[in-house]
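Chain by chain, the residues:
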Amino acid sequence: MQVATISFDRFNSLADTDAQERIGAARSQLGKRAVILGHHYQRADVYQHADLTGDSLQLSRLAAQTDAAFIIFCGVHFMAEVADIMSKPEQIAILPDLAAGCSMADMASLAKVERCWRELAEVLDLEQAITPVTYINSAADLKAFCGEHGGIVCTSSNASKILDWALSRREKVLFFPDQHLGRWSGHKKGIPLEDMLVWDPDLELGGLRPEQILHAKILLWKGHCAVHQMFQPAHILRFRNQHPDGLVISHPECSFEVCRQSDFVGSTEYILRTVKEGAPNTRWLVGTELNMVDRLARDVKAEGKTVQFMSPTVCMCSTMQRIDPQHLAWCLENLAAGNVVNRISVPAHEAALARIALERMLSVS
Ligand code: 13P
Ligand code: SF4
């Protein structure tokens, strides 16, 4: 029997403690039929409910491995899309708040990437010369574009390996949407900065001359993460002046200078592992999202480790933050009552092509 969907209005003003209780009750009703995946940037009051946590690479693997009927993704839209693409057809991926997007992912649209591809065709023999590589922080249709054009997906933890794969097949790479991850990963492979040129999607031919395109090794889409661009080399300098023995660790979405001046650079999972495995009584400056840094600081405090957020101003991923206990409780109660809300469903033809690019990534990394 079809039951009427429970409206979110009744949850909007729910006190946090009540929302927590209702999450617990709905989860016990759902049992193993529901699994909650949580990205490391989730706020603590949601993260505590995650059955499985990880960086984007781990979460895409986990989504492919779970047998639960409902995959509730506490993360952002592209992550739930990956869960839908990588899970079995009968499984259902859910994003508790549909407004939880990724502003960086929004910086590259299919229309703009297709226009870029057409413009590049005026200069290059595309299928011979250039491989499209999309950061996993992108919409499913861009992953499908890569699947269709011999391209691949990468995450912050495997981007260098993926560049090896791409450059062993064709001479050049078109990397979108994060110029910083592309630049840092290319630099790690020894590609000179002058061989990595920024493609500005709002300018004709990306703002480049044909001879620049012919010379370039990597074309970097002009996109960035608003959270990670807040971290500055000056923050590192101040920390090093105050704490000469301190260690600096950053996410590769930070600017090139921040990455270059850091002692360690890697994905969210890498950052957690490196600090947790670090020697007792060490002091760390961390350049990534605040929820994760705060949690890490609490987790390692007992070992005498000090973890400091890189920016003096608060910079959270405001879209991740939209997943709150109220939305989680609302989704779970609806599922327990037999109603699917906020399903993320990638059209089949797009999902099939995107899966090709994602599976290429999983087999390379
Ligand atoms: P990770 O893959 O390192 O978890 O990064 C995801 C992300 O969106 C960072 O801003
Ligand atoms: Fe997107 Fe930046 Fe948020 Fe990561 S931190 S999900 S890149 S907006």
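Refer to the structure above for everything that follows.
A. Fine view of the overall build of the chain. Helix and strand counts for the chain stand at 17 helices and 14 strands. In summary, the chain has a C-alpha radius of gyration of 21 Å against a globular reference of 21 Å for 365 residues, a match within 12%. Principal-axis analysis of the C-alpha atoms places the extent of the chain at approximately 65 × 55 × 35 Å. Looking at the 365 residues of the chain, the share that counts as buried comes to 59%.

B. Fine view of the pattern of salt bridges. If you walk through the whole model with that rule in mind, you get 15 salt bridges. When the shortest N-O distance is used, the salt bridge between Arg22 and Glu333 registers 2.6 Å. Of this pair, Arg22 sits in helix α2 (residues 16-30) while Glu333 sits in helix α16 (residues 325-336); the two residues are 311 residues apart in sequence, bridging distant segments of the chain. The residue Asp263 makes a salt bridge to Arg240 at a minimum N-O spacing of 3.2 Å.

C. Spatial organisation of the sheet that holds strand β3 (residues 70-74). Taking strand neighbours across the sheet as the criterion, the five strands line up as β2-β1-β3-β4-β14 in an open arrangement whose pairing is mixed. Every other strand in the sheet has two partners, leaving β2 (52-54) and β14 (343-344) as the edge strands with one partner each. Taken together, the five bridges between strand β1 (residues 34-39) and β3 define a ladder with parallel strand orientation. Along β3, the bridge assignment pairs Gly38 with Cys74.

D. Spatial organisation of the pairing of strand β9 (residues 218-221). Because side chains alternate across β9, one face comprises the buried residues Ile218 and Leu220, and the other comprises Leu219 and Trp221, equally buried. In this structure, strand β7 (residues 172-176) lies alongside β9, joined through three bridges in parallel fashion. Within the sheet, the bridge partner assigned to Leu174 lies in β9 and is Leu219. Sheet topology note: the strand β8 (residues 196-199)/β9 ladder contains four bridges and is parallel. Across the sheet, the residue bridging to Val198 is Leu220, located in β9.

E. A look at the packing of helix α8 (residues 140-148) against helix α17 (residues 348-364). Close contact between α8 and α17 brings their axes to 7 Å; oriented N to C, the two are set at 70 degrees. Classified by the angle between their axes, α8 and α17 sit roughly perpendicular to one another. Read as a crossing pair, α8 and α17 show a hand that is left-handed. Here Ala140, Asp141, Lys143, Ala144, Cys146, Gly147 and Glu148 of α8 come into contact with α17, specifically with Glu350, Leu353, Ala354, Ile356, Ala357, Leu358 and Arg360. Class assignment for the residues of the contact of α8 with α17 results in eight nonpolar, one polar and five charged.

F. Broad picture of the sheet that holds strand β5 (residues 130-135). Taken in spatial order, the five strands make up an open sheet running β6-β5-β7-β9-β8, and their pairing is parallel. Of all strands in the sheet, those bounded by a partner on one side alone are β6 (152-154) and β8. Ignoring which end each strand starts from, the neighbouring axes of this sheet average 25 degrees apart.

G. Representation of the nonpolar core within the structure. Membership of the largest hydrophobic core comes to 131 residues, with the highest contact counts inside it found for Ile72, Leu120, Phe175, Trp199, Leu219 and Val307. The greatest single-element share of this core, amounting to seven residues, is contributed by helix α5 (residues 77-86). Beyond its immediate chain neighbours, meaning those up to four positions away, Ile72 contacts Ala34, Val35, Ile36, Leu37, Ile94, Pro96, Leu328, Leu332 and Leu335.

H. Spatial organisation of the site of ligand 2. In the vicinity of ligand 2, the contacting residues are Tyr41, Cys102, Ser103, Met104, Asn137, Cys225, Val227, Glu253 and Cys317. Its residues assigned to classes, the shell around ligand 2 shows six nonpolar, two polar and one charged.

I. Fine view of helix α10 (residues 179-188). Judged by how many residues are buried, α10 sits mostly within the fold: eight of 10 residues are covered. A side-chain oxygen of the first residue of α10 lies 3.1 Å from the backbone nitrogen of His180; this N-cap is Asp178. Following α10 by one or two positions, Gly190 has its phi on the positive side, about 90 degrees.

J. Inspection of the site of ligand 1 at higher detail. Taken together, His39, Tyr41, Asp55, Ser56, Asn137, Ser156, His228, His251, Glu253, Ser267 and Thr268 make up all the residues around ligand 1. Between ligand 1 and Ser56 there is a distance of 2.9 Å, counted from an oxygen atom to a side-chain nitrogen or oxygen. A distance of 2.7 Å separates an oxygen atom of ligand 1 from a polar atom in the side chain of Ser156. Contact with the protein chains removes 96% of the 300 Å² of surface that ligand 1 exposes when unbound. A breakdown of the residues in the shell around ligand 1 according to their chemical character gives one nonpolar, eight polar and two charged.

K. View of the pairing of β1. The buried fraction of β1 amounts to six of the six residues, a majority that puts the element mostly inside the structure. The pairing of β1 with β2 spans three bridges and is parallel. Directly across from Gly38, in β2, lies its bridge partner Thr53.

L. The arrangement of the state of the cysteines in detail. For the structure on display, the rule yields zero disulfides. With no disulfide of its own, Cys154 has Cys146 as its nearest cysteine by sulfur position, at a separation of 9.2 Å. Residue Cys154 is classed as buried on the basis of its relative accessible area, which comes to 0%. We note that Cys259 lacks a disulfide partner, and the nearest cysteine sulfur, in Cys254, lies 5.4 Å from it.

Reading the values: rules and limits
Residues numbered from 1 in each chain as written. Chains lettered and ligands numbered in written order. Predicted model: local features only at pLDDT ≥ 70, side-chain atom pairs only at ≥ 80, totals over all residues. Heavy atoms only, no water. Helix = DSSP H or I, 4+ residues; strand = E, 2+ residues; numbered from the N terminus. Rg over C-alpha atoms; globule rule 2.2 N^0.38 Å. Buried < 20%, exposed > 50% of the residue type's maximum accessible area, 1.4 Å probe, protein only. Salt bridge = Lys/Arg side-chain N within 4 Å of Asp/Glu carboxyl O. Pairing = 2+ DSSP bridges. Axes fitted to C-alpha atoms, helices over the stretch in contact; angles between N-to-C directions. Parallel < 35°, antiparallel > 145°, perpendicular 65-115°, else oblique. Left-handed = near helix turned anticlockwise from the far one by under 90°. Contact = heavy atoms within 4.5 Å. Nonpolar A, V, L, I, M, F, W, Y, C, P; charged D, E, K, R; others polar. Core = buried A, V, L, I, M, F, W, Y, C linked by side-chain atoms within 4.5 Å. Near = heavy atom within 4 Å. Polar contact = N/O pair within 3.5 Å; in protein donor to acceptor, adjacent residues only side chain to side chain. Areas by Shrake-Rupley, 256 points an atom, 1.4 Å probe, with all protein chains shown as cover. Disulfide = S-S within 2.5 Å.

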